[in-house]
Amino acid sequence: MVTGLPLVRLRPRFDTFYVSQGRTVFETDAEGWIPEGGPHGLFVYQTRVLSRYRWLVDGAVPRAVALSNVEQHSSLGYYICPPMAAGGGAAEAVDVNEHSVELRVSRYVGGGVHEDVDVTNYSGWPVSLRLTLEVDADFTGPGELYGESGRVDGKLDRRWSAAAERDRWTLAFEYRAEHAYDRQGDRGVARIDRGLALEIHRAGSPPRWSDGRIDFTIALEPLASWHACIDLVARVEDRVLAPAHGCRSFAGTDSPLDLQRESFLRRSADLESTGSNDLSAVVERSIDTAKRDLAALRLTDLDCSDQGWTMAAGLPMYVALFGRDTLTTSWQAALAGPEMMIGSLHALADCQGKEDNAWRDEEPGRMLHEAHTDPQAALGFNPRGRYYGAITTSAFFPVVLSELWHWTGDRALIVPLVRAALDALAWLDRYTTSAGDGFHYYRTRSEDGNANQGWKDSGEAIVDREGRLVRAPIATCEEQGFVYAAKLQLAEVLWWLDCRDQAKTLFHQASELKQRFNEAFWMEEEGFYAMGLDSRRRQIRSIGSNAGHCLATGIVDTERAGAVADRLMGPDLWSGWGVRTLSSANPAYNPYSYHRGSVWPVENATFAIGFFRFGLWDHLHRLARAMFETAALYDYQRLPELFAGHPRDADHPFPANYAKANWPQAWSASSLYCVVQAMLGLYPYAPLRMLLLDPHLPEWLPRLTLRRLRVGAATVTLRFVRGENGVTDYEVLEKDGKLHLLRQPSPWSLTAGLAERAKDALTSLLPAR
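Everything quoted here is computed from the prediction, not taken from an experiment.

So, the overall build of the protein: which residues are in play, and what are the values?
Across its full length, the protein holds 16 helices and 31 strands. In terms of overall size, the protein behaves like a compact globule, its C-alpha atoms giving a radius of gyration of 28 Å where 769 residues would be expected to give roughly 27 Å. Each principal axis of the C-alpha distribution contributes one length, and for the protein these read about 90 × 65 × 55 Å. Counting over 769 residues, the protein shows a buried share of 62%. Accessible area of the protein: about 28400 Å², with a carbon and sulfur share of 50%.

Listed below in structure tokens is the structure:
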């Protein structure tokens, strides 16, 4: 916990409770129920297959006394209610705590859902009661629940069947709908066929179903218990999602989902922090939470192998494949292992644009922005079932491919993906440079597309210095940085693959882009880069976080890096909890806006890499401390997607939430890994079996152990210790495989001199290393 704030605990959606794994999300109110008429539900493939789900005892809602996740995919709820006499009459007025009937609900989510329902009589006398499950389904999607148009009135059937001789009863919901669409030449008839079977078995008494209610009659002696199992088996077209768990599964099972999750957790790197302050413990705990969140967001249907997988972007709105989210997450969380990079690159290569489709903003070679599975997208009411409206994904794909090369040095992993990377760059050069100045502009062609398609993709994200909206086409500064990094880093990979001519071409293109960028985007009087260029190729002279990405990609001139970093940490951009998306001095500033004043952990982590790149350790330590102090304020030390950008001062002792923030969010989880990598100065180079490092631990984090770091075929465990003189040293505790560790500052460092580099290199050759 942050010193001086011992009672602060934040939860972005304090009225909502989630139990989830992959594409299955059980979203309830704060007491664990799905009340009728609200936005909650059981969502499978972004389809609400349960719209009402609530247990009643004798017609009344039992009192919730404790409800919590056990893991992200499991939860336990305790409920109590006053007893009824065995004859059916009301017992004398009693203290419900001293004489209670307990309802215990244990949920396990994976594929489908398994629920254990247990009723125990602690009243001291025989009781009888009626246990009722209110249940219904409507098969809507998240967009429909939050006001988007396009609801299809499909056919919904409900069917009850009983097989008492087999101790099994089933309430089946079947939903079918179709929609003929014709949007900008993309036309067809789309159909969905989805369902849910609620199966009851091992019940202590037989159920009866009538008009949305399933009733059980229960009679219990003192201390006696009643039990039933509920299985929720979802169906999405031909895919049946049965529960991965059975009764009493809190201790884990040998189901494929559990085995996959435990394999990742066991193989991925761990952190141990042994500092003398509370923040050291937060570092360790927040990384552990981040690792588990990433495992829970895994989309197993998109696995390319046991060791290659990708993840959903976040709960509750983004349980889908997002291009730039998965690439950013897998790159930032590379300390955990290469599996996410492998899976994300393959998933996106499989979805790469193949045709010219204006409605979907698709063009040959363009990389996917998002692929949703909800009814509106699946039925063609919007293009989000396969939508390409982002420029970032195409530029970032080659960057992540090169990072996979650096971490693994494995040609067999890299070569099959090179063609997709080259095609993505070809798309950028062909389709985003029509302004004629050589910079990369975006604009949508879709009548339902994203107006902004850079890093900040909300409709009001890009404003000028007077706070007015800027209309596309726009060339934002960070997108030029991403293209620069893509060409530079892919050139290096191609050189290793003996594609020398292509490598030279990309290298020279990157160098030329950097030169032109620094001439066109630099604002001398501001000491900062313009947010972008507008449709008339004029500077968009507003101050925002965009330039921080330029620092990380290295497109900034070295002599300007310090000024950019100082400006990012200036009072109008630096909130005290992180860098704001837009300067508080801009007339359009709003701390609650998605991209006009909020703070995004994922952005700030990327800026940490920029500070590390240029050896700006004071900036890095200030930012890192703020991020971990923010994590300390949230339940589970889990950072949300974003939060409000109020200043950190006496009137604002903790940040406000963004009302619709996703939590957990994949790239907020990965952001903390990225900050740790920056503080340790780690840069792998597996092709040469080498790990470069330049650790600079801050005073508040004096000791850190990194276990099971994988570089190529080697695994290493390192202990980092900050000395009293402020210098961080490291010790190799374990090493399996061939790996040479070389202490070297970043080649672009503004603070490291030739003597320091030589000393570090020679010290790395000592036997202890």
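Right, picking up where we left off after that structure.
Tell me what's going on with the packing of helix α5 (residues 339-350) against helix α7 (residues 392-408), and back it up with residues and numbers.
α7 packs onto α5 with a crossing angle of 145° between their chain directions and a minimal axis gap of 10 Å. The interaxial crossing formed by α5 with α7 has left-handed handedness. The residues of α7 that touch α5, namely those facing M341, I342, L345, L348 and A349, are T393, F397, V400, L401, E403, L404 and W407. In terms of residue class, the contact of α5 with α7 is made up of 10 nonpolar, one polar and one charged.

With reference to specific residues and values, describe the layout of surface pockets.
Reported here for the second largest pocket is a volume of approximately 870 Å³. The wall of the second largest pocket is formed by 38 residues, among which E403, Q489, R613, Y683 and W748 lie closest to the centre. Those elements giving two or more residues to the lining of the second largest pocket turn out to be α4 (323-332), α7, α9 (477-496), α11 (546-553), α13 (601-613), α15 (666-680), β26 (683-685) and β27 (690-693). With seven residues, α9 is the single largest residue contributor to the lining of the second largest pocket. A breakdown of the residues in the lining of the second largest pocket according to their chemical character gives 23 nonpolar, 11 polar and four charged.

Just give me the short version of helix α2 (residues 256-267), but keep the residues and values in it.
For α2, spanning 12 residues, the distance from its first C-alpha to its last is 16 Å, which sits close to the expected 16 Å at 1.5 Å a residue. For α2, the full list of buried residues reads L257, D258, R261, S263, F264 and L265. Buried residues along α2 sit in contact with β1 (16-21), β6 (63-71), β8 (101-110), α3 (278-296), α5 and β28 (703-711).

So what's going on with the sheet that holds strand β4 (residues 47-50)? Which residues, and what values?
With antiparallel pairing, the four strands of this open sheet are ordered in space as β1-β2-β3-β4. Each edge of the sheet is formed by a strand with only one pairing partner; in this case those strands are β1 and β4. Neighbour to neighbour, the strand axes of the sheet diverge by 25° on average, direction disregarded. Relative to strand β2 (residues 24-29), β1 runs antiparallel, the two sharing six bridges. By the bridge assignment, S20 is partnered in β2 with V25.

With reference to specific residues and values, describe the sheet that holds strand β14 (residues 207-210).
Sheet strands associate in pairs through backbone hydrogen bonding, adopting either a parallel or an antiparallel arrangement. Strand order in the open sheet formed by four strands is β5-β10-β15-β14, with antiparallel pairing between adjacent strands. The sheet terminates laterally at β5 (52-57) and β14, the two strands that pair on one side only. The mean inter-strand angle of the sheet, taken between neighbouring strand axes irrespective of direction, is 20°. Pairing of strand β10 (residues 127-136) with strand β15 (residues 213-220) involves eight bridges; the strand directions are antiparallel. Among the inter-strand pairings, L131 is bridged to a residue of β15, identified as F216.

Explain unusual backbone geometry to me, using residue names and the numbers behind them.
Peptide bonds are, in most cases, trans, and in most cases residues other than glycine have a negative phi. Geometrically, the link from A472 to P473 is a cis peptide bond, its omega value of 10° lying close to zero. With respect to the helices, strands and loops of the structure, P473 is situated in the loop between α8 (411-431) and β21 (475-476). Look at the link from W663 to P664: it is a cis peptide, with omega at 5°. Relative to the helices and strands, P664 resides in the loop between α14 (617-633) and α15. Unusually for a residue other than glycine, Q46 sits at a positive phi of about 60°. Inspection of the secondary structure assignment puts Q46 in the loop between β3 (41-44) and β4. The class of Q46 is buried, set by a relative accessible area of 4%.

Would you mind going over the pairing of β1 in detail, with residue names and values included?
Across the six residues that make up β1, a large majority, six, are buried. Along β1, one buried face is formed by T16, Y18 and S20 and the opposite face, lined by F17, V19 and Q21, is buried too. The turn joining β1 and β2, which pair antiparallel and follow one another in sequence, is formed by two residues; a positive phi near 60° is taken by G22.

Tell me about the pattern of salt bridges, and please be specific about residues and values.
Across all of its chains, the model carries 55 salt bridges by this definition. The residue R158 makes a salt bridge to D136 at a minimum N-O spacing of 2.9 Å. On the criterion of sequence distance, the pair formed by R158 in strand β11 (residues 155-163) and D136 in strand β10 is long-range, its members being 22 residues apart. The exposure class of R158 is partly exposed, given its relative accessible area of 40%. Residue D136 is classed as buried on the basis of its relative accessible area, which comes to 18%.

Quick rundown of the packing of α4 against α7? Include the residues and the values.
Between α4 and α7, the shortest axis-to-axis distance is 9 Å and the interhelical angle comes to 25°. Accordingly, the angle class assigned to the pair α4 and α7 is roughly parallel. For the crossing formed where α4 meets α7, the hand is left-handed. Taken together, the residues of α7 that come into contact with α4 (itself represented by G323, R324, L327, T328, S330 and W331) are T392, T393, F396, F397, V400 and E403. Of the residues belonging to the contact of α4 with α7, the class tally is five nonpolar, five polar and two charged.

Kindly report on the state of the cysteines, identifying the contributing residues and their values.
Summed over all chains, the structure comprises zero disulfides. You can see C674 has no disulfide; the closest cysteine sulfur is in C550, sitting 16 Å from it. Residue C674 is classed as buried on the basis of its relative accessible area of 1%.

About the thresholds
Residues numbered from 1 in each chain as written. Predicted model: local features only at pLDDT ≥ 70, side-chain atom pairs only at ≥ 80, totals over all residues. Heavy atoms only, no water. Helix = DSSP H or I, 4+ residues; strand = E, 2+ residues; numbered from the N terminus. Rg over C-alpha atoms; globule rule 2.2 N^0.38 Å. Buried < 20%, exposed > 50% of the residue type's maximum accessible area, 1.4 Å probe, protein only. Areas by Shrake-Rupley, 256 points an atom, 1.4 Å probe, with all protein chains shown as cover. Axes fitted to C-alpha atoms, helices over the stretch in contact; angles between N-to-C directions. Left-handed = near helix turned anticlockwise from the far one by under 90°. Contact = heavy atoms within 4.5 Å. Nonpolar A, V, L, I, M, F, W, Y, C, P; charged D, E, K, R; others polar. 1 Å grid on protein atoms, 1.4 Å probe; cavity = no way out; pocket = protein on both sides within 12 Å on 5 of 7 lines; lining within 4 Å. Points joined across faces, edges and corners; volume = space filled by probe spheres on them. Expected span 1.5 Å × (residues − 1). Pairing = 2+ DSSP bridges. Salt bridge = Lys/Arg side-chain N within 4 Å of Asp/Glu carboxyl O. Parallel < 35°, antiparallel > 145°, perpendicular 65-115°, else oblique. Disulfide = S-S within 2.5 Å.

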